[in-house]
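This is what each chain is made of:
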Amino acid sequence: MALSAHARETLSRLFPGAPSSLWETDPDFMELFTNFALDEVARQGDLDEPTRMMAILATLLGCQGAEEFRVQLPAALRAGVTPVQTKEILYQAVAYLGMGRVRPFFDVTNRVLREQGVSLPLPAGATTTAETRLTAGNQAQVDIFGEGMRGFQDSGPEESRHINRWLADNCFGDYYTRKGLDYRQREMITFCFLAAQGGCEPQLTSHAAGNMRIGNGKAFLIQVLSQCLPYIGYPRSLNALRCVNEAAKAAES
């Protein structure tokens, strides 16, 4: 099997320099995977390249693919993903994956950015304060999921109400209100985190619905999921597709 023209062009443009050592040890596999991921998959749909690469980075965070993240991040930067967007993807991942899973990616990201000549730290991106984060976070929930989320932080049984408050002030108030990514981009990467993580199908269905509500329609989510598939495999991709279909069906009823 030889590399297709499109796969070869993408490989040389986004992954210049020394080839992966897998080309020496597993050349037949690398031809197969590269033709699939960088040609057949990459040409599916009409996602712009920065969006496609942001989805891949979020997916690799979700599935704990740190080594592949190290390979893909320089390509994402060449494709137009900015250092600020890269850091925002990383920061938001903590809300959905936990610091225990995301911590190694900080080291990888900082190493790659410095190799690319990026000065760290980047400018601060927070737009809320300790006094405004709760209100702003709940407003973000309302903006994405609808008026039914108004006052969510005060809902639920008293013994677990603090978690709903944390969802409002921390998950949404601390992260979704930051500069660098808009709501549609943030909901897209959340979709990727959850799809790649697996075992979060209720939350994935909810966020698929949130995506659709703010303009990331079913067709868009399927395109995003298609770009994730080479990195998380078919079972989790098919589970995510089911969640998208369920969210779309509920929106129609």
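Here, every reference points to the structure presented above.
All of the points below concern the structure found in this document. Fair warning: this is a prediction, and the values are worked out from it, not measured in the lab.

Once that is clear, we can look at the side chain of Q92. Checked against the element boundaries, Q92 lands in helix α6 (residues 83-97). In terms of polar contacts, Q92 uses its side chain to reach the side chain of T190, at 2.8 Å. Not counting the four nearest positions on each side in its chain, Q92 is found in contact with Y175, Y176, R186, I189, T190 and F193.

This part is about the packing of helix α3 (residues 27-41) against helix α12 (residues 218-252). Orientation of α3 relative to α12, taken along the N-to-C sense of each, is 155°, at an axis distance of 9 Å. Compared by their axis directions, α3 and α12 come out roughly antiparallel. Here the hand of the crossing between α3 and α12 comes out right-handed. Contact with α3, carried on its side by F33, F36, A37 and V41, involves S226, Q227, L229, P230, Y231 and Y234 of α12 and no other residues of that element. Here the contact of α3 with α12 is built from residues that sort into eight nonpolar, two polar and no charged.

With an omega dihedral of 0°, the bond running from L120 to P121 counts as a cis peptide bond. Within the secondary structure, P121 is located in the loop between α7 (99-115) and α8 (133-145). Within the chain, Q64 stands out as a residue other than glycine whose phi angle is a positive 65°. Among the secondary structure elements, Q64 is positioned in the loop between α4 (49-62) and α5 (66-79). For Q64, a relative accessible area of 37% corresponds to the partly exposed category.

Reading guide: rules and limits
- Once a new chain begins, its residue numbering starts again from 1 and follows that chain's sequence as written.
- Local features are withheld for residues below a pLDDT of 70 in this predicted model, meaning they are given only at 70 or higher, and side-chain atom pairs are given and counted only at 80 or more; totals for whole chains, interfaces and linings count all residues.
- Working from all heavy atoms in the structure, the side-chain values ignore hydrogens and water.
- For the purposes of this entry, the term helix denotes a DSSP run of H or I that reaches at least four residues, the term strand denotes a run of E that reaches at least two, and both are numbered from the N terminus.
- Here a polar contact means two N or O atoms within 3.5 Å. Within protein one must be a hydrogen donor candidate and the other an acceptor candidate, and residues neighboring in sequence count only if both atoms are side-chain atoms.
- Contact definition: two residues touch when any of their heavy atoms are within 4.5 Å.
- As a rule, the C-alpha atoms of each element are fitted with a line to give its axis, helices using only the stretch in contact, and angles between N-to-C directions run from 0 to 180 degrees.
- Comment on the angle field: the value is read as roughly parallel under 35 degrees, roughly antiparallel over 145, roughly perpendicular from 65 to 115, and oblique elsewhere.
- Crossing chirality is assigned from the near helix's rotation relative to the far helix, an anticlockwise turn below a right angle marking it left-handed and a clockwise turn marking it right-handed.
- Three classes are used, and their members are as follows: Ala, Val, Leu, Ile, Met, Phe, Trp, Tyr, Cys and Pro are nonpolar, Asp, Glu, Lys and Arg are charged, and the others, Gly among them, are polar.
- Under the scheme applied here, a residue whose accessible area is under 20% of the maximum for its type counts as buried, over 50% as exposed, and between as partly exposed, the area being computed with a 1.4 Å probe on protein chains only.

In short, the description is geometric, and any link to function would need to be established separately.
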